[in-house]
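Coordinate analysis (summary)
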Amino acid sequence: MHLARYSTVLLLLLAGCGAVPDPSREREALLAADRAFDSTVAAVGLEGWVGFFADSGRQIDAHGDFLIGRAAIRDHMRGLLTDSTRSLRWAPDHAEVSGDGTLGYTWGRWTLSQRSPDSVRELGRGRYLTVWRKQTDGRWRAEADVGTDTEKH
């Protein structure tokens, strides 16, 4: 009788313990999320940008001010990401994920270009850092994003 009770308690305790995340796999998943963010914005524009942020996401603008929430981020990025002649593209260079696999960051390089009928002109380039949180559905969402200009044209 006591053995059955202890076995049941042990099984319940083990069931409550989640598997330890594989750091390499989690980093690759986060890099894939950042690459998907880039390709979604390239295809969809403004709503693709906003859709990758958590509801409470933050973006730091060029003046160092925080934009908090999707509505503020949408308003700030509207001019840039609704101009069909402009293209904001980026690629992550690195990712790190917390030991429990729920928080991470990526950094990389971005470029902004503008298309005209006969050419493409680079408007700027820089680096970025994005902090991500894994949502309850398993998807990564941006919690905070900041970019710096390293070269303006």
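Anyway, here's the lowdown on the structure attached to this text. (Residues numbered from 1 in each chain as written. Predicted model: local features only at pLDDT ≥ 70, side-chain atom pairs only at ≥ 80, totals over all residues. Heavy atoms only, no water.)

A closer look at helix α4 (residues 70–81)
Given 3.6 residues to a turn, an α-helix orients residues that are three or four positions apart in the same direction. Its 12 residues place the ends of α4 only 14 Å apart at the C-alpha level, less than the 16 Å of an ideal helix rising 1.5 Å per residue. Among the residues making up α4, those that are buried are Ile 73, Met 77 and Leu 81. What you see down the axis of α4 is that its buried residues fit within an arc of 45°, all on one side. Of the residues in α4, the exposed ones pointing more than 90 degrees away from the buried face are Ala 71, Asp 75 and Gly 79. Buried positions along α4 lie against α2 (23–44), α3 (46–51), β1 (53–60), β2 (66–68) and β3 (86–97). (Helix = DSSP H or I, 4+ residues; strand = E, 2+ residues; numbered from the N terminus. Expected span 1.5 Å × (residues − 1). Buried < 20%, exposed > 50% of the residue type's maximum accessible area, 1.4 Å probe, protein only. Arc of directions from axis to C-beta. Contact = heavy atoms within 4.5 Å.)

What to know about the pattern of salt bridges
A side chain of one charge can pair with a side chain of the opposite charge when the charged atoms of the two come close. This structure, assessed with the given rule, holds 11 salt bridges. Across the pair Asp 22 and Arg 25 runs a salt bridge whose closest N-O atoms are separated by 3.7 Å. Given the relative accessible area of 59%, Arg 25 is considered exposed. When the shortest N-O distance is used, the salt bridge between Asp 55 and Arg 70 registers 3.1 Å. On the criterion of sequence distance, the pair formed by Asp 55 in strand β1 and Arg 70 in helix α4 is long-range, its members being 15 residues apart. The class of Arg 70 is partly exposed, set by a relative accessible area of 27%. (Salt bridge = Lys/Arg side-chain N within 4 Å of Asp/Glu carboxyl O.)

Examining the pairing of β1
Note: β1 against β2, 3 bridges, orientation antiparallel. The residue bridging Gln 59 from the neighbouring strand is Leu 67, located in β2. What sits between the antiparallel neighbours β1 and β2 is a turn of 5 residues, in which Gly 64 has the positive phi angle 85°. (Pairing = 2+ DSSP bridges.)

Distances and angles like these do not, on their own, reveal function.
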